[in-house]
Amino acid sequence: MTNVDNVNNKSGHNTGPDLLCINKGWMGRHMVKLDVVDSTNLYVKNYEEKLQTGTVVIAKAQTAGRGRLSRGWSSPNGEGIWMSYILRPDIEPSACGGLTLVTALALTKVLKRLSGLNLQIKWPNDIVCNGKKLAGILTELSLKDMKTDYVVVGIGVNVSTTKFPDDISRMATSLKLEGAVCEDIDLIVKEFCEEFEKCYEAYMATGDMKLLKEEYQQLLVNIGREVCILKDDKEFIAEAIGINDEGELLVKKESEITTIRAGEVSVRGIYGYV
Ligand code: BT5
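Rules behind the numbers
Residues numbered from 1 in each chain as written. Predicted model: local features only at pLDDT ≥ 70, side-chain atom pairs only at ≥ 80, totals over all residues. Heavy atoms only, no water. Phe/Tyr/Trp six-rings, centres within 6.5 Å; stacked < 30°, edge-to-face > 60°. Buried < 20%, exposed > 50% of the residue type's maximum accessible area, 1.4 Å probe, protein only. Helix = DSSP H or I, 4+ residues; strand = E, 2+ residues; numbered from the N terminus. Near = heavy atom within 4 Å. Polar contact = N/O pair within 3.5 Å; in protein donor to acceptor, adjacent residues only side chain to side chain. Areas by Shrake-Rupley, 256 points an atom, 1.4 Å probe, with all protein chains shown as cover. Nonpolar A, V, L, I, M, F, W, Y, C, P; charged D, E, K, R; others polar. Core = buried A, V, L, I, M, F, W, Y, C linked by side-chain atoms within 4.5 Å. Contact = heavy atoms within 4.5 Å. Axes fitted to C-alpha atoms, helices over the stretch in contact; angles between N-to-C directions. Parallel < 35°, antiparallel > 145°, perpendicular 65-115°, else oblique. Left-handed = near helix turned anticlockwise from the far one by under 90°. Pairing = 2+ DSSP bridges.

## What to know about the packing of aromatic side chains
For any pair of aromatic rings, geometry is given as the distance between the ring centres together with the angle between the planes.
Alright, step 1. Tallying each qualifying case throughout the model produces 6 aromatic pairs.
Alright, step 2. Measuring from centroid to centroid gives 4.6 Å for Y43 and Y47, while their planes differ by 40°, and the two rings are tilted.
Alright, step 3. Given the relative accessible area of 38%, Y47 is considered partly exposed.
Alright, step 4. When the centroid spacing of 5.9 Å and the interplanar angle of 45° are considered together, the rings of Y85 and F192 count as tilted. Note that Y85 is positioned in strand β4 (residues 80-87) and F192 in helix α4 (residues 185-206), a separation of 107 residues in sequence.

## Here we look at the site of the ligand
Alright, step 1. The immediate surroundings of the ligand are formed by 28 residues, with S39, R66, R71, K133 and N158 found nearest.
Alright, step 2. Contact between the ligand and N125: an oxygen atom at 3.2 Å from a side-chain N or O atom of the residue.
Alright, step 3. In isolation the ligand offers 790 Å² of accessible surface; the protein chains occlude 92% of this area.
Alright, step 4. A class-by-class count of the residues in the shell around the ligand yields 9 nonpolar, 14 polar and 5 charged.

## Quick notes on unusual backbone geometry
Alright, step 1. Geometrically, the link from W123 to P124 is a cis peptide bond, its omega value of -5° lying close to zero.
Alright, step 2. Tracing the backbone through its elements, the reader meets P124 in the loop between β5 (119-122) and β6 (126-129).
Alright, step 3. Positive phi is not limited to glycine here, since L69 has a value of about 50°.
Alright, step 4. Here L69 lies in the loop between β3 (56-62) and β4.
Alright, step 5. For S255, which is not a glycine, the phi torsion comes out positive at approximately 60°.
Alright, step 6. With respect to the element layout, S255 can be found in the loop between β11 (249-253) and β12 (256-260).

## Some words on the nonpolar core
As a rule of thumb, nonpolar side chains are buried together in soluble globular proteins.
Alright, step 1. Among the nonpolar cores identified, the biggest contains 68 residues, and Y85 and F196 are the most heavily contacted of them.
Alright, step 2. With near-sequence residues (within four places) excluded, Y85 lies in contact with M27, T55, V56, T103, V151, V152, V153, I155, F192 and F196.
Alright, step 3. In this structure, V32, V44, V57 and V152 belong to the second largest nonpolar core, which totals 11 residues.

## A closer look at the packing of helix α3 (residues 98-115) against α4
Alright, step 1. At their nearest, the axes of α3 and α4 sit 8 Å apart, and the two run at 140° to each other. Comparing their axes, α4 and α3 come out oblique. The crossing of α3 and α4 is right-handed. Contacts between α3 and α4 involve G98, L99, V102, T103, L105, A106, L107, K109, V110, L111, R113 and L114 from the former and L187, I188, E191, F192, E195, F196, C199, Y200 and Y203 from the latter.

## A short note on the environment of E183
Alright, step 1. Secondary-structure assignment places E183 in the loop between β8 (147-158) and α4.
Alright, step 2. On the accessibility criterion, E183 (32% relative accessible area) is partly exposed.
Alright, step 3. A C-alpha to C-alpha distance of 7.2 Å links E183 and S160, two positions 23 residues apart in sequence.
Alright, step 4. Ignoring sequence-local partners within four residues, the contact set of E183 consists of V159, S160, L175 and K176.

## Remarks on the pairing of β6
Alright, step 1. Burial of the side chains of β6 extends over both faces: D126 and V128 are buried on one face and I127 and C129 on the other.
Alright, step 2. Of the strand pairs in this sheet, β5 and β6 are connected by 4 bridges, and their pairing is antiparallel. Each bridged residue has a counterpart across the sheet, and for K122 the counterpart in β6 is D126.
Alright, step 3. Connecting β6 to the next strand, strand β7 (residues 132-144), in antiparallel fashion are 2 residues, including N130 with a positive phi near 50°.

Here it is as structure tokens:
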């Protein structure tokens, strides 16, 4: 077992009437269902002290859904899975970024299984289908005395959207547009919670991607492809060859291998990098 059992007992949170139970394990054992919220990530951060580890907050609509680097996330009413959950991992802050990869792996596996679609991960935080973005992940870390206090992971999955805002209409897609056999939000969330729990425990067993790397790489759209990397304000083209145990992207240029920690990596043929 991981540290999760211990931290589960940290808050004596009283389960109120808005808290529903969808999973016997710790992940999603408590769920807050909202009709509308600014952002489920912000909600978790605001109520952090009251939420047990693994609590899932899900909304039908978000009025200020957020992506990375203060970008927006379109979250129309009833058309997708807009949810966040809280983790309190006993790991170094530098290892928390790996939880984005753990989430991407669990979500891709579940969505593939239920939808029947051919889905892949675009490192580090996108799930893509036929070259378009189906889902995104936003991981936010809170520190206390330079140590990991808690982590909020937010997931946005486009489920039944058929018309996206003009600025993203060419790069975004939904389960419905791709012809998925399942669009059942409750079922997807339930199965995700079970799958995430397994992947998370594998991550926590070593504190890195060692046990998950192979499976993750099999789903990685970047692998063997030319990628365009923006690093230290400079752009360069290289071939992605995989990830290391820390979850960093490995790229090769003229036989020199570089690790990419975070930031923008565009893949040729995906979202318009040609
Ligand atoms: C992400 O950021 O992909 C993270 C998205 C996380 C959203 C979830 S929803 C629940 C939780 N609560 C929140 O407030 N957020 C999380 P990034 O890689 O920075 O991508 C953002 C970019 O994706 C935007 O700048 C748009 O170009 C594009 N985009 C916006 N809405 C989209 C959508 N619904 N589907 C596909 N692409 C979208």
